[in-house]
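The primary structure of each chain is shown beneath.
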Amino acid sequence: MISALRNIGETVFNGAAIWGEGLRSLGQLGMIGAKAARADGGLRKNIGPELKSVSGQRKVFEVLRAFSPNLSLKRQLVKSYDNTGTVIVTRNNDCIEVLDRNEDFEVVYGSRMRKLTDGDNFFLGMQPGWDYTRDTSAMRLAARQTDVAEIVLPRARLLAGDIVERSHGKIDLPAQLSLQVPWDMTKIYFGVGGPDAATMKEWTSTLFWYLFEDLPADPALDQKAMSYAAALRDYLDTAIADRKTNPTEDADILNRCLALQAADTPGMSDIGIRNNLLGLLIGAIPTISKACCYAMDELLNRPDELILAQSAARAGDDATFENYIWEALRFYPHNPVIYRRATRDTVIARSTFRQARVKKGQMVFAATLSAMFDRRAVEAPHEFRVNRPFETYIIWGYGMHTCFGAAINKAVIPAILKPLLAQRNLRRAPGPAGQIDTGPTPHPQHFHLEFDA
């Protein structure tokens, strides 16, 4: 009886708190809209940057969680993949439901992945089935879980520490560090780092943008992506042929793929190896770099938490230090939504007051940023806490299509940032240089920091 009363009390309290948060954010959005309308160019010109900011997105999601948690729209927010409209899902349980119901909500990237490979799909764009099982199983044999601790992490720590030491108190985070370390990983551990670092960074960042972030279907980006994809295919075909002609004893993924090929492992033809490596490369470099920049930006905006994170880094308390990184990424994730497409007419949150019908072909936005601030699943969501279960952080997706490199990301991102955060008087460079600059892309190009060397 006491437990039941407690549950009722918690439900009422959380409901009232969610409504209060929604009303507060609605008022704040109203004030932002009024200010934008008064500025030069009016509302249409000025409201976009506010709503695209992570703080603006959190306000919008708070309103939706309170008043319309599963919002169905006829408008197509995604132009790059076929769909018949959009559903925005904001509650934690509902986002997990969408990402876990693979038969009802499919990944959509296959059509563009086939353009990049000039033929076949990559497992990130596959639905459950033999092709998916074949390719993921083979690549897990090539990219072993033990490699993270034995190969990837030691190398990342060594390289990041060396880069920070040689920077002499001034560093451009993406250009010099957070892009450099994952590129080195593709060269040493994948065995296919490209003709040079700059080229591989440009190829992978552009192709990641094309696959996952090109919502308006920019024709200029399409043309650029096709050119880069052809160049990357040619490079990988040549690298595979050269390695077969001139074998090495390196413990890299390419060599392991060729060993699997020699053992007649399904999916390990030259084309299969090339396509799997192409997909892994696209996901590796830009994801790690962007997450590093966003986590650092969030910590720099929080002086108290920055001091504590730096103390943990200097003390070698890796577990605590890593929790500061994940909590920072909860507030500023590199990817605020994951989208899927309904394969048939269905229902989300069945038998609840927020039950929503989804029509076949609608694109469903699982707002993971919103899910990580849903107080029904996350205690005190607006507080910065470093004792949360890691499962709180839906940073790398969920379920079958959780990022293939999630274990690498979990190890490498703190390894990149730790030597930098251990420095004294770490700060932004003066002026605009000390802010994240994405240029014309969705990815950080420059972010200048300084410290006392």
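Counting restarts for each chain, with residues numbered from 1 along the sequence as it is written. It should be noted that, the model being predicted, local features are given only for residues of pLDDT at least 70 and side-chain atom pairs only at 80 or more, the latter also being counted only at that level, while totals for whole chains, interfaces and linings use all residues. No hydrogens and no water enter the side-chain calculation; it runs on all heavy atoms of the structure.

**Topic: the side chain of D94**
Step number 1: Structurally, D94 is set in helix 4 (residues 92–100).
Step number 2: Residues adjacent in sequence count toward polar contacts only when both atoms are side-chain atoms; beyond that, a polar contact is any pair of N or O atoms within 3.5 Å, and within protein one must be able to donate a hydrogen and the other to accept it. At 2.6 Å, the side chain of D94 forms a polar contact with the side chain of R354.
Step number 3: Contacts between residues were defined by any pair of non-hydrogen atoms, one from each residue, lying within 4.5 Å. Setting aside residues up to four positions removed in sequence, D94 forms contacts with N70, V89, I348, A349 and R354. The helix count covers DSSP runs of H or I at least four residues long, the strand count covers runs of E at least two residues long, and both are numbered beginning at the N terminus.

**Examining the packing of aromatic side chains**
Step number 1: Pairing of aromatic side chains here covers Phe, Tyr and the six-membered ring of Trp, requires ring centres within 6.5 Å, and sorts the geometry by plane angle: under 30 degrees stacked, over 60 edge-to-face, intermediate tilted. One pass over the structure, following the stated rule, counts 14 aromatic pairs.
Step number 2: Seen in terms of ring centroids, Y189 and F190 are 5.8 Å apart; in terms of plane orientation they differ by 55°. Their pairing is tilted. For the pair Y189 and F190, one class covers both residues: buried.
Step number 3: Seen from their ring centres, W326 and F390 are 5.7 Å apart, and the 75° between their planes marks the pair as edge-to-face. Here W326, found in helix 15 (residues 318–331), pairs with F390, found in the loop between helix 16 (368–371) and helix 17 (406–421); they are 64 residues apart in sequence, far enough to count as distant.
Step number 4: Relative accessible area decides the class of each residue, using a 1.4 Å probe on protein chains only: under 20% of the type maximum gives buried, over 50% gives exposed, and in between gives partly exposed. With relative accessibility at 29%, the residue F390 sits in the partly exposed group.
Step number 5: Through a chain of ring-to-ring contacts, three or more aromatic side chains come together here, namely Y81, Y109, F208, F212, Y339 and F365.
Step number 6: The lysine or arginine in question, R330, covers the ring of F373, its NZ or CZ lying 4.5 Å from the ring centre.
Step number 7: The rule for a charge over a ring is simple: NZ of Lys or CZ of Arg within 6 Å of the ring centre, and within 35 degrees of the ring normal. A cation over a ring is seen here: K410 above F390, with NZ or CZ 4.7 Å from the ring centre.

**What about the side chain of T117?**
Step number 1: Looking at where T117 falls in the secondary structure, it is placed in helix 5 (residues 110–117).
Step number 2: Taking relative accessible area as the criterion, T117 reaches 3% and is therefore assigned buried.
Step number 3: Among the polar contacts made by the side chain of T117, one reaches the main-chain amide nitrogen of G119 at a distance of 3.4 Å.
Step number 4: Ignoring anything within four residues of it in the chain, the contact list for T117 reads R233, R274, N275 and L278.

**Examining the sheet that holds strand 4 (residues 170–172)**
Step number 1: An order of 4-10-9 is seen for the 3 strands of this open sheet, with the pairing classed as antiparallel. Edge positions in the open sheet fall to strand 4 and strand 9 (424–428), since each of these has one partner strand only. Across the sheet, the axes of successive neighbouring strands diverge by a mean angle of 20°, strand direction being ignored.
Step number 2: Strand pairing is assigned whenever DSSP detects at least two bridges linking the two strands. In this sheet, strand 10 (residues 448–452) lies alongside strand 9 in antiparallel orientation, the contact comprising 3 bridges. Residue pairing for strand 10: R427 is matched across the bridge by E450.
Step number 3: Here an axis means a line fitted to C-alpha atoms, over the contact stretch when the element is a helix, while the angle between two N-to-C directions is reported on a 0 to 180 degree scale. With respect to the sheet, helix 13 (residues 270–300) is in contact with strand 9 and strand 10, its orientation differing from that of strand 9 by roughly 105°.

**Here's the deal with the environment of M139**
Step number 1: Relative to the elements of secondary structure, M139 occurs in helix 6 (residues 130–142).
Step number 2: Sequence-wise, M139 and L300 are 161 residues apart; in three dimensions their C-alpha atoms are separated by 38 Å.
Step number 3: Beyond its immediate stretch of four places on either side in the chain, M139 contacts F123, I253, C257, M268, N276, L280 and F404.

**Some remarks on the packing of helix 9 (residues 180–190) against helix 13**
Step number 1: Axis separation between helix 9 and helix 13 bottoms out at 8 Å; the angle between their running directions is 145°. Packed against helix 9, whose contacting residues are P182, W183, M185, T186 and F190, the element helix 13 presents L280, L281, A284, I285 and I288 at the interface.
Step number 2: Residues are sorted three ways: Asp, Glu, Lys and Arg are charged, Ala, Val, Leu, Ile, Met, Phe, Trp, Tyr, Cys and Pro are nonpolar, and all the rest, Gly among them, are polar. When grouped by side-chain class, the residues that make up the contact of helix 9 with helix 13 number 9 nonpolar, 1 polar and no charged.

**Here we look at the pairing of strand 10**
Step number 1: For strand 4 and strand 10, the ladder comprises 3 bridges, and the chain directions are antiparallel. Paired with I171 across the bridge in strand 10 is L449.

**Observations concerning the nonpolar core**
Step number 1: Within this scheme, the nonpolar core is defined by two criteria: the residues are buried Ala, Val, Leu, Ile, Met, Phe, Trp, Tyr or Cys, and they are joined through side-chain atoms within 4.5 Å. Counting 132 residues, the largest nonpolar core has L177, M296, I325, L417 and L420 as the members making the most contacts within it.
Step number 2: Considering every element that reaches this core, the biggest residue donor is helix 13, with 17 residues.
Step number 3: Among residues more than four places away in sequence, those in contact with L417 are L173, C292, A295, M296, F321 and I325.

**Observations concerning the sheet that holds strand 5 (residues 338–342)**
Step number 1: Here we have 5 strands laid out as an open sheet, ordered 1-2-8-5-3, and mixed in their pairing. Strands with a single pairing partner mark the edges of an open sheet, and in this sheet they are strand 1 (70–73) and strand 3 (105–106).
Step number 2: Relative to strand 8 (residues 363–366), strand 2 (residues 86–89) runs parallel, the two being bridged by 4 bridges. Within strand 8, the position partnered with V89 by the bridge is A366.
Step number 3: This element, helix 4, spans strand 1, strand 2, strand 3, strand 5 and strand 8 of the sheet and lies at about 130° to strand 8.

**Topic: unusual backbone geometry**
Step number 1: In the Ramachandran plot, A217 falls in the positive-phi region, its phi being about 60° despite a non-glycine side chain.
Step number 2: With respect to the helices and strands, A217 occurs in the loop between helix 10 (197–213) and helix 11 (219–245).
Step number 3: Positioned with a positive phi, S351 is a non-glycine residue whose angle comes to about 65°.
Step number 4: Position of S351 relative to the elements: it lies in the loop between strand 6 (346–348) and strand 7 (356–358).

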